[in-house]
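# Tertiary structure, described
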Amino acid sequence: MIQEIYNELYSSFGPQHWWPVTAEGKLHPEYSGGPKNNLIDIKKIIKIKNEKLAKIIKSSGYHNQKAKKLKNFCMFLSENYGGKLNSLFKKDINELRSELVSVNGIGPETADSIILYAAKKPIFVIDAYTKRIINRIGYKESKYEEIQKLFMQSLPNSEKLFNECHALLVELGKNICKKSPLCSKCPISAHCSYYKTIYTPKREV
DNA sequence: TACCAGGTCCTCG
DNA sequence: CGAGGACATGGT
């Protein structure tokens, strides 16, 4: 079922090429923050003032909180791993996840995103879109880890596939399976119990 | 004009 | 535990 949903989303939307965002080893000229800030460096992020960092990331929203939390992660990396992502990513995937989640500012989704997109290890990222979609389809799971298990037990254990599948779900959730859903445009409505309730009125017995 | 985002933390019951 | 609020700018 989950596998079929993935297949149909992929057929409809095509590859989303979410990650890597840039060519291997290169920074995106626009999205890296540009040469002015020169902050792709753990030590520099630790040193910069919260207010200054917040100003730089302002357009992302929640910038004051995010500035602190970004620095928390850099501090964690610096204190425990010599500021090297590589040594962090050598860890066992489950240990890595629990360590990341213990950092204030990194919740389950962010931890899994780091593991999937930065460490390139197979773990399935669950976001608000995915929860909404999966619940409308008819699955009862509500907790993050439960929904994650559902995907990971239904799909091949592939980092590339998890990456693509998550991106496809975001595309569906953002543009079609919205809070107020556009079911007529949905490529997987045939599998959806919400769609069936709406478009197949009950009749009297 | 409203509503919501590729969340997380904290507080309260 | 689960729900609800705070954080805050930008896209549609």
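Rules used throughout
Residues numbered from 1 in each chain as written. Chains lettered and ligands numbered in written order. Predicted model: local features only at pLDDT ≥ 70, side-chain atom pairs only at ≥ 80, totals over all residues. Heavy atoms only, no water. Helix = DSSP H or I, 4+ residues; strand = E, 2+ residues; numbered from the N terminus. Buried < 20%, exposed > 50% of the residue type's maximum accessible area, 1.4 Å probe, protein only. Lys, Arg positive; Asp, Glu negative; His and termini not counted. Salt bridge = Lys/Arg side-chain N within 4 Å of Asp/Glu carboxyl O. Polar contact = N/O pair within 3.5 Å; in protein donor to acceptor, adjacent residues only side chain to side chain. Contact = heavy atoms within 4.5 Å. Near = heavy atom within 4 Å.

### Quick notes on the side chain of Lys 71
- By the element assignment, Lys 71 lies in helix H5 (residues 63-81).
- It is Glu 51 that comes nearest to the buried, bridge-free Lys 71 among opposite-charge side chains, at 7.4 Å.
- Polar side-chain contacts of Lys 71 include one of 2.9 Å to the side chain of Asn 50.
- Discounting chain neighbours no more than four positions away, the residues touching Lys 71 are Ile 45, Ile 46, Ile 48, Lys 49, Asn 50 and Leu 53.

### Quick notes on the protein's contact with DNA strand B
- Close contacts around DNA strand B come from 16 residues, with Gly 105, Glu 109, Thr 110, Tyr 129 and Lys 179 the closest.
- Atoms of DNA strand B within 4 Å of the protein: sugar and phosphate make up 71%, bases the balance.
- Separating a phosphate oxygen of DNA strand B from a backbone N or O atom of Gly 107 is a distance of 3.0 Å.
- Within the backbone of Glu 109, a nitrogen or oxygen atom sits 3.4 Å from a phosphate oxygen of DNA strand B.
- Those elements that provide at least two residues to the surface near DNA strand B are helix H8 (108-118) and helix H9 (128-137).
- At three residues, H8 tops the list of elements feeding residues into the surface near DNA strand B.

### Some remarks on the environment of Asn 135
- Following the sequence through the fold, Asn 135 ends up in helix H9.
- Since its relative accessible area comes to 36%, Asn 135 is described here as partly exposed.
- Distance in space between the C-alpha atoms of Asn 135 and Cys 192 is 9.2 Å, their sequence separation being 57 residues.
- For Asn 135, the residues in contact, after removing those within four places along its chain, are Lys 140 and Glu 141.

As far as function goes, none of this settles anything; it's purely spatial.
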